Structure formats: C-alpha cells, structure tokens
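# Overview (structure and organization)
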Amino acid sequence: MDASTYPFFRRDMSWLAFNERVLMEAADRTLPVYDRIKFLSIFSSNLEEFYTVRVAYHQAVLQKRRDRNDAEEDADADVHILQAIRETVMRQDDHYYRIFYDQILPTLEEHGIRLRTHAPSHPDHRAYLRRFFHEEVFPLLYPMLLLPGKVRTFIRSGRVYLAVRLHEIGAAENEYSYALLNVPTDGLPRFVDMPRLQTDTFHYYSFLEDIIKEHLDVVFPGYEVLDSYSIKVSRDADLLLDVQRTEDLPGEIRKKVKTRKLGAPTRFMYDGRMPEDVLHYICSSCDIDPEEAIRSGNYVNLQDLAHLPNPFAPRLETVTPEPLLSRQLEQAPSLMEGIRQRDYLIHVPYHTYDYVVRLLLEAAFSPDVSEIRLTQYRVAENSSIISALEAAAQSGKKVSVFVELKARFDEENNLRLSERMRRSGIRIVYSMPGLKVHAKTALILHHPRAGERPQGIALLSTGNFNETTARIYSDTTLMTANTDIVHDVYRLFRILDGDPEPARFTRLLVARYNMSEAITHLIDREIEHVKQGRRGYMLLKMNGLQDKNVITQLYKASEAGVEIDLIVRGICCLVPDMPQSRNIRVTRLVDMYLEHSRIWCFHNAGDEEVFISSADWMKRNLYNRIETACPVLDPVLRREIIDILEIQLSDNIKACRIDSSLNNIYKHNSSAVPVRAQTAIYRYLKEKEEAISL
C-alpha cells in the first residue's frame, strides 16, 4: 500500500482538536482559577494565529491571491475545509464562553474577585469610572462614522473595536447612523482596577470596553446611542517573501512586516447580540466578506485574560517548583571541564537553564576557546545569552551567530537583536535562500594543530536558545565534547556559512541531507526485528506528525507487528484505532508546561537508540528546513530519557489518547496510582540529583 491508500486526518482539523484539548484545561475544576484563565487566554491566542496563518493560506489559494505551497502543504485548500473549520470553531467558541460565564466568573466571585460584566451599581464606582474615562480613556479614542460607498473604513488586525448604532437627534425615526470606536488597549489595561468598597471585601475589575460603552454619549454628542457591540478582525499575516530572489533579505523583511497589518481579512468576530442589519452594514462599510463573520460572545480578543490581575497572588494559581541544579556540574572544576569528562542533559524547566548561559560566559573568558558559533530562531528580549556572546566578542573571541529572520512573528525582534549583536562585534549570518534553519545548535571551539579535527563542546537542543521560553517550555539540551558530534556540528555551521562541499555526517541526522533516509532505516529495522521473532518497538515524541510518507511507514510498521507509542502535542494526521494502526497508541499531554521536546526512541532488539531533535515529523521540517537529530550516546542518559517518556505514557491525570474521530479522551484510571507526569518528572529528576553525594 502507498500513502494514497491509507487514511489521514486533515492537519487543520487535527490542530483544532489540539486547541480543544487546551480548552479542556480551562474547564478543569481541579485547577486553580488563574490557571484556567491562562488556558482560556492560550486558546484564544492559538486561534488568532491559526486564522492569520492557516485560514489565511486557504482563503488566499481559493481567491487566487497566491499559489498553493506544494513544498509544505497537502492539496487541501478548498471550501470544504473552510466550512469544517468554521463549524468546529463556532462549536468551540460556544463552549469557551460557557466556561467563562458559567464557571470562571462565579469561581472568581467565590474568591472575592468581581470581574464585572454590567454597569456598576455603587455610586463610588460610577464616580471613579467617570473620572477615569474623562482623564485616561477619552483622549485616546478615535470615533469613525461609517459611510459605505463614500469612505472605506479600515479595522486593524487583532484590535478590539465597538460598533455603535446611533440615531441623530432630529432625524427621521427609522434613520440610523453607524460608527466604529477603538478600544485603546495599546495604551491602557484591558482590565481596570476599581477601588475597594467599605461595604464589602471584594476586588473589582472592569473591562475597558464596558467603561467606554457607559460613556458613549460623551463621544457622540448630538446622537442618541442605541446600542454597541464588540468586534474584532483577524488578517492574513503571512509575509510571502520571495527569498530566492531577495538580495537584501533584512530590508525586504522590514518592508513586508509593515504590510502585515494590512492583510486581507480572515475572520470577523462580532458580539452575538448584533442584529443582522447592523452586521451587514459593518461588513459592507469595512470591506469584509460576511462569510468571514463568526458570531461570538460579548467580549472578543480574550487572549488578554492572561493580564487579568490576581490580587491574591501567588494564591489562586500554580506556583512552579524551583529549577533543579545538577550536582555533578556543580562539583566540576568548571562547566567546560565537567562536560569534557562526560555528557550532560539539561531538562528544562525542571533543571535551571542557567547552565547554558554560564557555559557561554565561561567560554567567553577561557584562554583555550577561540571561537563560538550558535543558531538563533526565536531570540529572547533582554537575553543573557546575547550578553554572554557579546562578552566573548569583546574579549577577542571569534563569535558567529546564524539568525533565522523568517521565524514567523519574530522577524522584527530577531532583526533588532541581530543588529545589536553586530554592533558588539559578533559576525551575523542571515537565513538561507528558500529554507528556514530550525536547528538549535551551539559550538564552543578550541582549534588544535593544522589538519586535526576541531575540538570543543557542542550543544544540541530540542528548543531555542531562549531563557524566557525555557521557564515554561519542556525541552532537552545535550552538552557534549564527543569528537564525532563536535565535528558534525562544525560541519553543519560550515554549511550554514555557504560551504559548497558535500555534507557528510558521522553521528548527526540533518534534514535535507540524511534525516529522512535515516528515519526510514530506523523504522525498517524495527520491522526486520519483528520478522526475525524479536520485539519491535518505537517511542516517539514530537509536536507535530503530518508528513504522509513517514506516517505511511508507521502504518506499515504497525501492520508488521511493531508496537508504537506516540506522544504528539499538536497536529497528528495519523489515524489511530484503525486496522492499519492497531499497534499504534497516540497520547496528547497538556499541562502547566508546554511539551516541546522532540525525542525518538528505537528499541533495536534491546540495544536502544535515542535521538533528541529540533524536528517534528512535518513535511516542512523533514524536507524544507535545516534540522538536527543527535544520538544520546551515554547509556545512563539514554535510560533517563526513556524513563521520562515512560512517566509521560503512564500519566492518568493530564494525558489524553486520540481516537479515530479526533476526540481527546482522558486516560483516567481510578484503579491505578495517580500519575501527573510533569510533577512526577520533577520528582524523578530531584531524586536522581539527591542520590548523587556532594
């Protein structure tokens, strides 16, 4: 059987199922209320990006505004997928607002917090909000009367507006005017803290748009304000760079980023109370296709819920444990010396990420180090890593940083910080034509005599070199002085520098060079073990599984009798619970940390092979990006990784299995010992560290 004869989930529907899993966390009454609020915010933020990228792609293809991206997409841009997306999103949206109104608001009330959704009744609050409106809000408002056919009105992407229906005083009874009014959340908080009352002990907060609604008569003198409704537009955010022909990529990106806010509308969210005649008037005035309109709740853009103040912090939210120290690294004379003696794994956020920063700082001032190289995909603001690299350049080291400018939504930040690095003496290499470099690698070198292989320390990670995300993303970083791996990473950096020589790697798997072939070989080897009467088993963790070729290989392995456990956080186009997938189990884990690591474990008849990787098994990762997968050679560290993944498989609190209808079904087991994987992993790593004598 080839790929065309096997079933596959459509990637966008699978992604929506993942986002529904996020919504399940918001509905989990066992969680602290501010954790649940955080998941409501994440759900909204995820969906906004989905509309500005994926839905935008489908609409642009259908409207002939762009060609189908066959290098990345399957041929699935059609009206049917857009209709399926719309129906699913509207169903999820209804669930979202039921959670918000029926669960979150009452729970906040139980804890002494009132996020009001109606006009204040107490005179002190009314007086306070009147002053706040006149002094803080009114100067930032820009009302726009709508005149379809005469004036084109533009609604900025991702912003909250009020659509206002008005009746001019003195006009005919059925003659209406309409206006738009910005909600200035770029200059003011979305949630306004109101004074405590002497009559009770509650903390009060008001939505900024509600304050505006209550004072619309001030904004529109000469009109009777009949009603107002919250709206929001999402727009196409794809830059559509012609990177093959662009000589000045930084300049081209700067120009394109400025046009991102002007993209075609992809979604128009509106207050479900809005009458049809008002909806059509707004759409015609603002050049919006009514097909893009999605009925929503009274409040839109609720990703802002992440900024709802918690007056009782750290109560009402989960306090994550202190990151662990590595006792062996702490005992070493220096980090570099410790790594020269043996390999180390850092599992963030369970371990402190300070070791990566400390290692780069140590290299910056070591007389043995001649050169530091590093890839950057998403650069943290106020990055200690950049500061360490700047210190290295200023101390005379040769420092090179490959910056991927095409990292979506981080283009401007990466440009700004790369210019800062350049000014400090760091050599910057920008992107590659037609490719994204998604590998997360660093290299600290001291060059031996001429003709000898480079020596030093290599870092290979499943996540970006970003200390901000390292506090909330679950990732794994290998630090090694293995000469084969160091040489392979050195060879990779030469490729990124434009070296035309053929790439040959001893240990690393590198996408576009040897990765896809190696994956095929590793899967086929498990099939061969089964044919020879031995056990065939794979335990694979990733963020996305979409490439039909590799999914077909997994189906064939399952049919041959290979047992396969998949831990896939996001998109999973493999269909479980079918005859061809009877030996495949798919687990999705969503909890307080974002599961981000990519790890591949192959049983290999007991001689296990484990790889940590930057690559998901998506078509774009395997064929159209530079990615790495690195073997974990130390048997103790291999066992540690397998133990961690097995803890995740045993989770019966936060883990779900995915069924053949894309449902997320909790793996609850009332008869088993409760296992919450992220808590258990921290305990496992802490006990390992405590077992090491100082």
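Residues numbered from 1 in each chain as written. Predicted model: local features only at pLDDT ≥ 70, side-chain atom pairs only at ≥ 80, totals over all residues. Heavy atoms only, no water.

## Focus on the nonpolar core
Stated formally: Here the nonpolar core consists of buried residues drawn from Ala, Val, Leu, Ile, Met, Phe, Trp, Tyr and Cys, with membership extended through side-chain atoms lying within 4.5 Å. Only protein chains enter the accessibility calculation, which uses a 1.4 Å probe; a residue whose area is less than 20% of its type maximum is buried, one above 50% is exposed, and one in between is partly exposed. Put simply, DSSP H or I for four residues or longer makes a helix, DSSP E for two residues or longer makes a strand, and each gets a number counted from the N terminus.
In terms of nonpolar packing, the biggest core is built from 109 residues, with Ile-523, Leu-545, Leu-554, Leu-566, Leu-574, Trp-600 and Trp-617 touching the most fellow members. Element by element, the count of residues in this core is highest for helix H3 (residues 79-110), at eleven residues.

## Here we look at the pattern of salt bridges
A side chain with one charge can pair with a side chain of the opposite charge if their charged atoms come near. Where we set the bar: Between Lys or Arg on one side and Asp or Glu on the other, a salt bridge is scored when a side-chain nitrogen of the former is within 4 Å of a carboxyl oxygen of the latter.
Following the criterion strictly, the structure yields 39 salt bridges and no others. A salt bridge links Asp-484 to Arg-507, with the shortest nitrogen-to-oxygen separation between them at 3.8 Å. Of this pair, Asp-484 sits in helix H14 (residues 483-496) while Arg-507 is found in the loop between H14 and strand S18 (509-510), placing the two residues 23 residues apart along the sequence. For Asp-616, the salt bridge goes to Arg-598, with nearest N and O atoms at 3.2 Å. On the criterion of sequence distance, the pair formed by Asp-616 in the loop between strand S24 (609-613) and helix H17 (619-623) and Arg-598 in strand S23 (residues 598-602) is long-range, its members being 18 residues apart. For Asp-616, a relative accessible area of 7% gives the class buried. Judged by its relative accessible area of 3%, Arg-598 falls in the buried class. Each of Arg-21, Glu-25, Asp-28 and Lys-654 takes part in a single network of salt bridges with overlapping partners.

## Considerations on the layout of surface pockets
So the rule is basically this: The method works on a 1 Å grid over the protein atoms by themselves. A cavity is a set of points holding a 1.4 Å probe that cannot get out, a pocket is an open set with protein on both sides within 12 Å along at least five of seven lines, and residues with an atom within 4 Å of a point line them. Grid points are joined across faces, edges and corners, and a volume is the space filled by probe spheres set on the points.
Each pocket or cavity is described by its volume, and for the second largest pocket that value is around 330 Å³. At the level of elements, helix H2 (33-62) and H3 are the ones that each hand at least two residues to the lining of the second largest pocket. The element best represented in the lining of the second largest pocket is H3, accounting for five residues.

## Describing the sheet that holds strand S1 (residues 113-116)
What holds strands together in a sheet is hydrogen bonding between their backbones, with the strands either parallel or antiparallel. The line we're drawing: Strand pairing is assigned whenever DSSP identifies at least 2 bridges connecting the two strands. In this description, a line fitted to the C-alpha atoms serves as the axis of each element, helices being fitted only across the stretch in contact, and the angle between N-to-C directions of two axes falls anywhere from 0 to 180 degrees.
The strand order across the open sheet built from three strands is S1-S6-S5, with neighbouring strands paired in mixed fashion. Two strands close off the open sheet at either side, each with one partner strand: S1 and strand S5 (191-194). Averaged over all adjacent pairs, the angle separating strand axes in this sheet is 25°, with direction ignored. Here S1 pairs with strand S6 (residues 203-207) via four bridges, running parallel. Pairing of Leu-115 across the sheet is with Tyr-205, part of S6.

## Remarks on the packing of aromatic side chains
Two aromatic rings are characterised by how far apart their centres lie and by the angle between their planes. Put simply, the test is: Between rings of Phe, Tyr and Trp, where Trp is taken as its six-membered ring, a pair exists when centres lie within 6.5 Å; planes separated by under 30 degrees are stacked, by over 60 edge-to-face, and by other angles tilted. Note on geometry: a ring has a charge over it if NZ (lysine) or CZ (arginine) is within 6 Å of the ring centre and within 35 degrees of the ring normal.
Considering all chains together, one arrives at 22 aromatic pairs under this definition. Centre to centre, the rings of Trp-600 and Phe-611 are 6.2 Å apart; their planes meet at 45°, and the pair counts as tilted. Of this pair, Trp-600 sits in strand S23 while Phe-611 sits in strand S24, and the two are eleven residues apart along the sequence. Of the two residues, Trp-600 and Phe-611, neither departs from the other in class, the shared state being buried. By way of ring pairs, the aromatic residues Phe-43, Tyr-96, Tyr-97, Phe-100, Tyr-101, Phe-191, Phe-207 and Tyr-299 are connected into one cluster. Its guanidinium or amino end placed over the ring of Phe-202, Arg-114 lies 3.6 Å from that ring's centre, counting from NZ or CZ. Over the aromatic face of Tyr-344 sits the side chain of Arg-342, whose NZ or CZ is 4.4 Å from the ring centroid.

## Some details on the packing of helix H1 (residues 11-26) against H2
Put simply, the rule is: To sort the angles, those under 35 degrees are grouped as roughly parallel, those over 145 as roughly antiparallel, those from 65 to 115 as roughly perpendicular, and the leftovers as oblique. Crossing handedness follows the turn of the near helix against the far one: under a right angle anticlockwise gives a left-handed crossing, and clockwise gives a right-handed one. Here, residues are in contact when the closest pair of their heavy atoms is within 4.5 Å.
For the pair H1 and H2, interaxial distance at closest approach is 8 Å and the crossing angle is 165°. In terms of axis orientation, H1 runs roughly antiparallel to H2. At the point where H1 passes H2, the crossing takes the left-handed sense. Here Arg-11, Asp-12, Trp-15, Leu-16, Phe-18, Asn-19, Val-22, Leu-23, Glu-25 and Ala-26 of H1 come into contact with H2, specifically with Arg-36, Phe-39, Leu-40, Ile-42, Phe-43, Asn-46, Leu-47, Phe-50, Arg-54 and His-58.

## Some details on the environment of Met-515
Structurally, the position occupied by Met-515 is in helix H15 (residues 515-531). For Met-515, a relative accessible area of 0% corresponds to the buried category. Residues Met-515 and Ala-60, 455 residues apart in the sequence, show an inter-C-alpha distance of 32 Å. Sequence-distant contacts of Met-515, that is, excluding residues within four places in its chain, are made with Leu-509, Val-510, Trp-600, Ser-613, Ala-615, Leu-622, Glu-627, Thr-628 and Ala-629.

## Some thoughts on the sheet that holds S23
The mixed open sheet is built from nine strands, whose spatial order is S18-S26-S24-S23-S19-S20-S21-S27-S28. Only two strands of the sheet have a single partner each, and these edge strands are S18 and strand S28 (664-666). Strand direction decides the pairing type here: strand S21 (residues 584-589) and strand S27 (residues 655-658), joined by three bridges, are antiparallel. Each bridged residue has a counterpart across the sheet, and for Thr-587 the counterpart in S27 is Arg-657. Helix H18 (residues 635-650) rests against strand S19 (537-542), strand S20 (563-568), S21, S23, S24 and S27 of the sheet, and its axis sits at about 80° to S19.

## A closer look at H1
How we decide: Given the number of residues in a helix, its expected span is that number minus one, multiplied by 1.5 Å.
Taking 1.5 Å per residue, 16 residues should reach 22 Å; H1 reaches 23 Å between its end C-alpha atoms and fits that length. The element H1 is largely enclosed, with a buried count of 15 among its 16 residues.

## A word on the environment of Leu-405
Summarising the element assignment, Leu-405 is placed in the loop between strand S12 (398-403) and helix H13 (411-423). With relative accessibility at 0%, the residue Leu-405 sits in the buried group. Once the C-alpha coordinates of Leu-405 and Met-432 are considered, the two residues, 27 residues apart in sequence, prove to be 9.4 Å apart.

## Description of unusual backbone geometry
Note: most residues except glycine have negative phi, and most peptide bonds are trans. With an omega dihedral of 5°, the bond running from Ala-313 to Pro-314 counts as a cis peptide bond. Relative to the elements of secondary structure, Pro-314 occurs in the loop between strand S9 (293-296) and helix H9 (327-331). The step from Val-348 to Pro-349 runs through a cis peptide bond, and the omega angle for that step is 5°. You can see Pro-349 is positioned in the loop between strand S10 (344-348) and helix H11 (354-365). A positive phi angle is found at Leu-316, which is not glycine, with a value near 70°. Topologically, Leu-316 is positioned in the loop between S9 and H9. Of note in this structure, Leu-662 is not a glycine but carries a positive phi near 70°. A relative accessible area of 15% means that Leu-662 is categorised as buried.

The analysis is restricted to geometry; functional conclusions fall outside its scope.
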